[in-house]
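# Examination of the molecular architecture
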Amino acid sequence: MEFHFFSKQEESYYLRLRAWKDRLLQPICRYLSQRHVLPDALSYASLAMVVPFLYFFRFNPWLALIFLVLNIFFDLLDGALARFTHKETARGQFLDHIVADYVSFFIIFLSFIYYGLVNPFWGAVYVLNYAVMLTLIFYSNYERIKLFQIDRTKYIVYLTFFLWLFMANNILDITVVFFSIYMIVTNAILLNRIRCSL
């Protein structure tokens, strides 16, 4: 089973972007494959970067940023290495997309709430609706229900964090409120499509 959660329109765009990314990362993948590094090890490394991110974030967000960048880099690299070495598996996809990707994102996002970058109410609304949206998309893919263009907001949230660091301008609250409302509407449409398909 695929765990990419994309509609057909999104999947076409995603596959083009992935092919470009794989070409860009090919020298690194070749180096890692020659040293018998497994794609799953990179997924675990991506998840592991969350620990020092959480530790350093409370007193040195700039140092925490390094580990966030490493988290993103390993997340991009694990799939590229799996395709380069022809070791793509359902377990690897689950580990990459669900465990390393979304679990680490939720933990990092919760740290934004804990340290006061995001309003707790809207942060909770955002996390809940994000999880519901992913579940509904996964179910729709499983049942082959036609999807529409749905924007995942993980990298936009990360971008607003970068802006806060570089410009001392916290727009995370506004971003989270906007995307919470967007996901509430999206989830209502998804639920209606699922209900109509039953």
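Residues numbered from 1 in each chain as written. Predicted model: local features only at pLDDT ≥ 70, side-chain atom pairs only at ≥ 80, totals over all residues. Heavy atoms only, no water.

## Considering the environment of Tyr 44
If you trace the backbone, Tyr 44 turns up in helix H2 (residues 39–48). Given a relative accessible area of 44%, Tyr 44 falls into the partly exposed group. For the pair Tyr 44 and Asn 71, spaced 27 residues apart in sequence, the C-alpha to C-alpha distance is 9.7 Å. (Helix = DSSP H or I, 4+ residues; strand = E, 2+ residues; numbered from the N terminus. Buried < 20%, exposed > 50% of the residue type's maximum accessible area, 1.4 Å probe, protein only.)

## Remarks on unusual backbone geometry
Negative phi characterises most residues that are not glycine, and trans characterises most peptide bonds. Phi is positive for His 86, which is not a glycine, with a value near 55 degrees. Examined against the element boundaries, His 86 turns out to sit in the loop between helix H4 (61–84) and helix H5 (90–114). Since its relative accessible area comes to 72%, His 86 is described here as exposed. Even without being a glycine, Ala 168 presents a positive backbone phi close to 55 degrees. Relative to the assigned elements, Ala 168 resides in the loop between helix H7 (154–167) and helix H8 (172–197). We classify Ala 168 as exposed; its relative accessible area is 67%.

## Details of the nonpolar core
Ranked by internal contacts, the top residues of the largest apolar core, which has 49 residues, are Phe 53, Phe 109, Phe 112, Tyr 126 and Phe 161. At the level of secondary structure, the elements contributing two or more residues to this core comprise helix H1 (8–34), H2, helix H3 (50–57), H4, H5, helix H6 (120–142), H7 and H8. For this core, the element with the highest residue contribution is H4, accounting for nine residues. Residues contacting Phe 109, with those up to four places away along its chain left out, are Val 118, Gly 123, Tyr 126, Val 127, Val 157 and Val 176. (Core = buried A, V, L, I, M, F, W, Y, C linked by side-chain atoms within 4.5 Å. Contact = heavy atoms within 4.5 Å.)

## With respect to the side chain of Thr 160
Structurally, Thr 160 can be placed in helix H7. Given a relative accessible area of 4%, Thr 160 falls into the buried group. Ignoring sequence-local partners within four residues, the contact set of Thr 160 consists of Ile 171, Leu 172 and Thr 175.

## Focus: a nonpolar patch on the surface
On the surface, a cluster of nonpolar side chains totalling about 470 Å² of accessible area is made up of Tyr 13, Leu 17, Trp 20 and Leu 24. Position of Tyr 13 relative to the elements: it lies in helix H1. Using a relative accessible area of 52% as the deciding quantity, one classes Tyr 13 as exposed. (Patch = residues over 30% accessible without salt bridge, like charges linked within 9 Å, V, L, I, M, F, W, Y side chains within 5 Å. Areas by Shrake-Rupley, 256 points an atom, 1.4 Å probe, with all protein chains shown as cover. Salt bridge = Lys/Arg side-chain N within 4 Å of Asp/Glu carboxyl O.)

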